[in-house]
Amino acid sequence: MHCPECGFVNAEGASYCQKCGAFLGDRASGDTTVAYQLDHETGELRPIDIAPVTTEGATLVIRSGGGRAGEVFDLNGDRLAIGRSPDADVFLDDVTVSRNHALLVRRRDGFYIDDLGSLNGTYVNRRRIESHKLVDGDELQIGKYKLTYLER
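As a starting point, this report considers the structure included with it. Here the residue numbers are simple positions, counted from 1 along each chain's written sequence. Only residues with pLDDT of at least 70 are given local features in this predicted model, and only at 80 or more are side-chain atom pairs given and counted; all residues enter the totals for whole chains, interfaces and linings. To obtain the side-chain values, all non-hydrogen atoms of the structure were used and water was disregarded.

1. A short note on the sheet that holds strand S13 (residues 145-150)
Pairing within the open sheet is antiparallel, and its six strands lie in the order S4-S3-S13-S12-S9-S10. Bordering the open sheet on either side are strand S4 (72-74) and strand S10 (127-129), each of which pairs with just one other strand. Neighbour-to-neighbour, the strand axes of the sheet open up by a mean angle of 30°, direction not taken into account. One requirement defines pairing of two strands: DSSP has to find at least two bridges between them. Only DSSP runs of H or I covering at least 4 residues are called helices, and only runs of E covering at least 2 are called strands; the numbering of each starts at the N terminus. Bridging between strand S12 (residues 139-142) and S13 involves four bridges; their strand directions are antiparallel. Across the sheet, residue Glu-139 finds its bridge partner in S13, namely Thr-148. What counts as an axis is a line fitted to C-alpha atoms, over the stretch in contact for a helix, and the angles between N-to-C directions run from 0 to 180 degrees.

Structure representation (structure tokens):
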């Protein structure tokens, strides 16, 4: 698939250009992710309907990485830690993720993601960021994990 901005040849199915980060196509291509939440009593993942979850506020959904696609994290607090540390609110267990990788912070005008000096960086829509105000549909990449920010 050729990038309309720079002409770079990207892998089929890519959402963003690997070279310049430009959006490559329509997101409504029929690809969907099933959403799951962890049942705290049994430890099993149970499928959920994402619509009621996102009507209550912001959520993060793992799109790919670590065999956890579809796992949902409600963003209820004012600060949520993301990292490889087992104490992190969003625990991403992989060596590509720093122990204290990023922080989601609720500010007056919405949620922001702040990189905490991670080795591999934090990306929003394929652009490396230090701090970024999140909007509905943003794609986050933290290590090998790709997550989608949903706000309703």
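2. A short note on the side chain of His-101
Here His-101 lies in the loop between strand S6 (90-91) and strand S7 (102-107). Accessibility here uses a 1.4 Å probe with only protein chains present; expressed as a share of the type maximum, an area under 20% marks a residue as buried, one over 50% as exposed, and anything in between as partly exposed. Using a relative accessible area of 0% as the deciding quantity, one classes His-101 as buried. Two N or O atoms count as a polar contact when they lie within 3.5 Å, although within protein this holds only if one can serve as hydrogen donor and the other as acceptor, and sequence-adjacent residues are included solely when both atoms are side-chain atoms. A polar contact of 3.0 Å, which involves the side chain of His-101, links it to the backbone nitrogen of Ser-98.

3. Section: the environment of Val-124
On the secondary structure map, Val-124 appears in strand S9 (residues 122-124). Along the primary structure Val-124 and Leu-134 are separated by ten residues, whereas in three dimensions their C-alpha atoms are 8.4 Å apart. Contact criterion: two residues are considered in contact whenever any of their non-hydrogen atoms come within 4.5 Å of each other. What Val-124 contacts, discounting residues up to four positions off in sequence, is Ile-113, Ile-129, His-132, Leu-134, Asp-138, Glu-139 and Leu-140.

4. So, the pattern of salt bridges
When a carboxyl oxygen of Asp or Glu lies within 4 Å of a side-chain nitrogen of Lys or Arg, that pair is called a salt bridge. Counted by the stated rule, this structure contains four salt bridges. Between Arg-68 and Glu-71 there is a salt bridge, with its nearest N and O atoms 2.9 Å apart. Accessibility expressed as a relative area gives 13% for Glu-71, which makes it buried. Between Lys-144 and Asp-94 there is a salt bridge, with the nearest N and O atoms lying 3.3 Å from each other. Placement of Lys-144 in the loop between S12 and S13 and of Asp-94 in the loop between S6 and S7 is noted, with a sequence separation of 50 residues between them. For Asp-94, a relative accessible area of 15% corresponds to the buried category.

5. Remarks on the nonpolar core
We call a set of buried residues a nonpolar core when its members are Ala, Val, Leu, Ile, Met, Phe, Trp, Tyr or Cys and they connect through side-chain atoms within 4.5 Å of each other. Core analysis: the biggest nonpolar cluster contains 22 residues, and Leu-60, Ile-82, Leu-104 and Ile-113 have the highest contact counts within it. Looking at this core, the elements that each hand over two or more residues are strand S3 (59-64), strand S5 (79-83), S7, strand S8 (110-115), S12 and S13. Among the elements that make up this core, the one with the highest residue count is S13 (three residues). If sequence neighbours within four positions are ignored, Leu-104 has contacts with Leu-60, Leu-75, Asp-78, Arg-79, Leu-80, Ile-82, Phe-111, Tyr-112, Ile-113 and Leu-134.

6. Overview of the packing of aromatic side chains
For Phe, Tyr and Trp, rings pair up if their centres lie within 6.5 Å, where Trp contributes its six-membered ring, and each pair is then called stacked (planes under 30 degrees apart), edge-to-face (over 60) or tilted (otherwise). All told, the structure shown has one aromatic pair when counted by the stated rule. Here Phe-111 and Tyr-149 contribute two aromatic rings whose centre-to-centre distance is 6.4 Å and whose plane-to-plane angle is 65°, an arrangement assigned as edge-to-face. Pair noted here: Phe-111 is in strand S8 and Tyr-149 is in strand S13, with a separation of 38 residues, a long-range link. Across the pair, exposure class does not vary: Phe-111 and Tyr-149 are buried alike. Note on criteria: charge over ring means Lys NZ or Arg CZ within 6 Å of the ring centre, with the direction from the centre no more than 35 degrees off the ring normal. The lysine or arginine in question, Arg-107, covers the ring of Tyr-112, its NZ or CZ lying 4.5 Å from the ring centre.

7. Side note on the pairing of S7
For a regular strand, side chains alternate in direction, first toward one face of the sheet and then toward the other. Note: S5 against S7, four bridges, orientation antiparallel. For Ala-81, the partnering residue across the bridge sits in S7 and is Leu-103. Strand direction decides the pairing type here: S7 and S8, joined by six bridges, are antiparallel. Paired with Leu-104 across the strands is Ile-113, a residue of S8. If you look at the hairpin formed by S7 and S8, you'll find two residues sitting between the two strands.

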